[in-house]
Amino acid sequence: ASLRFKSESEAGWYQATYRAPAQVDARAGAWLEVPVEVANAGVRAWDSGGDQPFALSYHLRRPGGAVVAFDGVRTPLPGRVAPGDAVSLAARVQAPEAAGAYVVEWDMVHEDVTWFSAKGATVARTQLAVVSAGATEATTPETEKPAVALRIPPAGRLQLWRAALRMALARPLLGVGPD
């Protein structure tokens, strides 16, 4: 509940700033490690563990905006990131199989909850120039999660108050825990 007092809506919970290279080059299908610094510009701490961890990911687009892959590989955070703190990551990116020009849109994700960009956060962009790989074969990392695009509409105030009332009635003495 304390987060509700710090920001008007969940949009204030999901804010980040990024520092990433303007351009990277890759061979088709290759795995890259791109240096990205991400700072928590919201009012909520990012936890790297649990069932719904926060992670750095990306959307892959063509320069005109067409989506090539919406749900990029996750780069886990090294630990808890408090509001105002920043972490430097070696972000994992798989280059597309087809040569050409692409745009990597860096976006934080709260797994099974939301993408930061869906809550109004700004993404950062890196130009990706992909050249033909020849006989190079790509491998899949063991840590890659299956692609799941989840879009949950924000809950309205009336829904939140109803849920709070139901929780208070169900557990009037001790409640249901923090927040």
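Structure shown above.
Residues numbered from 1 in each chain as written. Predicted model: local features only at pLDDT ≥ 70, side-chain atom pairs only at ≥ 80, totals over all residues. Heavy atoms only, no water.

1. Points about the pairing of strand 7 (residues 86-94)
Regular strands have side chains that alternate between both faces of the sheet. What counts, and what does not: When accessible area is computed with a 1.4 Å probe and restricted to protein chains, residues below 20% of their type maximum are described as buried, those above 50% as exposed, and intermediate ones as partly exposed. Here a strand is any run of E in DSSP of at least two residues, a helix any run of H or I of at least four, and the numbering for each starts at the N terminus. Two strands form a pair only when DSSP identifies at least two bridges running between them.
Here strand 7 shows a clear split, with Val-87, Leu-89, Ala-91 and Val-93 buried on one side and none of Ala-86, Ser-88, Ala-90, Arg-92 and Gln-94 buried on the other. In terms of strand pairing, strand 3 (residues 31-40) meets strand 7 through nine bridges, oriented antiparallel. The partner of Val-34 across the bridge, within strand 7, is Ala-91.

2. As for the pattern of salt bridges
Selection criterion: A side-chain nitrogen of Lys or Arg and a carboxyl oxygen of Asp or Glu constitute a salt bridge if their distance falls within 4 Å.
Applying the stated rule across the entire model yields six salt bridges. Across the pair Arg-19 and Glu-37 runs a salt bridge whose closest N-O atoms are separated by 3.6 Å. Within this pair, whereas Arg-19 is found in strand 1 (residues 16-19), its partner Glu-37 is found in strand 3, the two being separated by 18 residues in sequence. Its salt-bridge partner being Glu-111, residue Arg-74 comes within 2.4 Å of it at the nearest N-O pair. Taken together, the residues span a long stretch of sequence, with Arg-74 in the loop between strand 5 (67-69) and strand 6 (75-76) and Glu-111 in the loop between strand 8 (100-110) and strand 9 (114-115) at a distance of 37 residues. The pair Arg-74 / Glu-111 is uniform in exposure class, with both members buried. Members of the salt-bridge network, linked through shared partners, are Arg-61, Glu-105 and Arg-125.

3. Regarding the pairing of strand 8
Within strand 8, nine of the 11 residues are buried, leaving the element largely enclosed by the surrounding structure. Here strand 4 (residues 54-61) pairs with strand 8 via eight bridges, running antiparallel. Each bridged residue has a counterpart across the sheet, and for Ala-55 the counterpart in strand 8 is Val-109. Bridging between strand 8 and strand 10 (residues 124-131) involves seven bridges; their strand directions are antiparallel. What sits directly across from Trp-106, in strand 10, is Ala-124. Count of turn residues in the strand 8/strand 9 antiparallel hairpin: three residues, of which Asp-112 carries a positive phi of about 60 degrees.

4. Some details on helix 2 (residues 157-170)
Heads up, the condition is: Helices are assigned an expected span. That span is 1.5 Å times one less than the residue count.
With 14 residues, helix 2 extends 20 Å between its outermost C-alpha atoms, agreeing within 8% with the 20 Å of an ideal straight helix rising 1.5 Å per residue. With zero of 14 residues buried, helix 2 is to be regarded as a mostly surface element.

5. So, the nonpolar core
This is how it is decided: In these notes, a set of buried Ala, Val, Leu, Ile, Met, Phe, Trp, Tyr and Cys residues joined through side-chain atoms within 4.5 Å is what counts as a nonpolar core. Contacts between residues were defined by any pair of non-hydrogen atoms, one from each residue, lying within 4.5 Å.
Counting residues in each nonpolar core, the largest one holds 34 residues, and the members touching the most others are Trp-46, Trp-106, Met-108 and Leu-128. Only strand 1, strand 2 (23-27), strand 3, strand 4, strand 7, strand 8 and strand 10 provide two or more residues apiece to this core. For Leu-128, the contacting residues outside a window of four places in its chain are Val-24, Ala-26, Leu-32, Leu-60, Pro-96, Gly-100, Ala-101, Tyr-102 and Val-104.

6. A closer look at unusual backbone geometry
What is expected of a backbone is that most residues other than glycine have negative phi and most peptide bonds are trans. In this model, Asp-112 sits at a positive phi of 60 degrees, which is unusual for a non-glycine residue. Its place among the elements puts Asp-112 in the loop between strand 8 and strand 9.

These results come straight from atomic positions and should not be treated as a statement about function.
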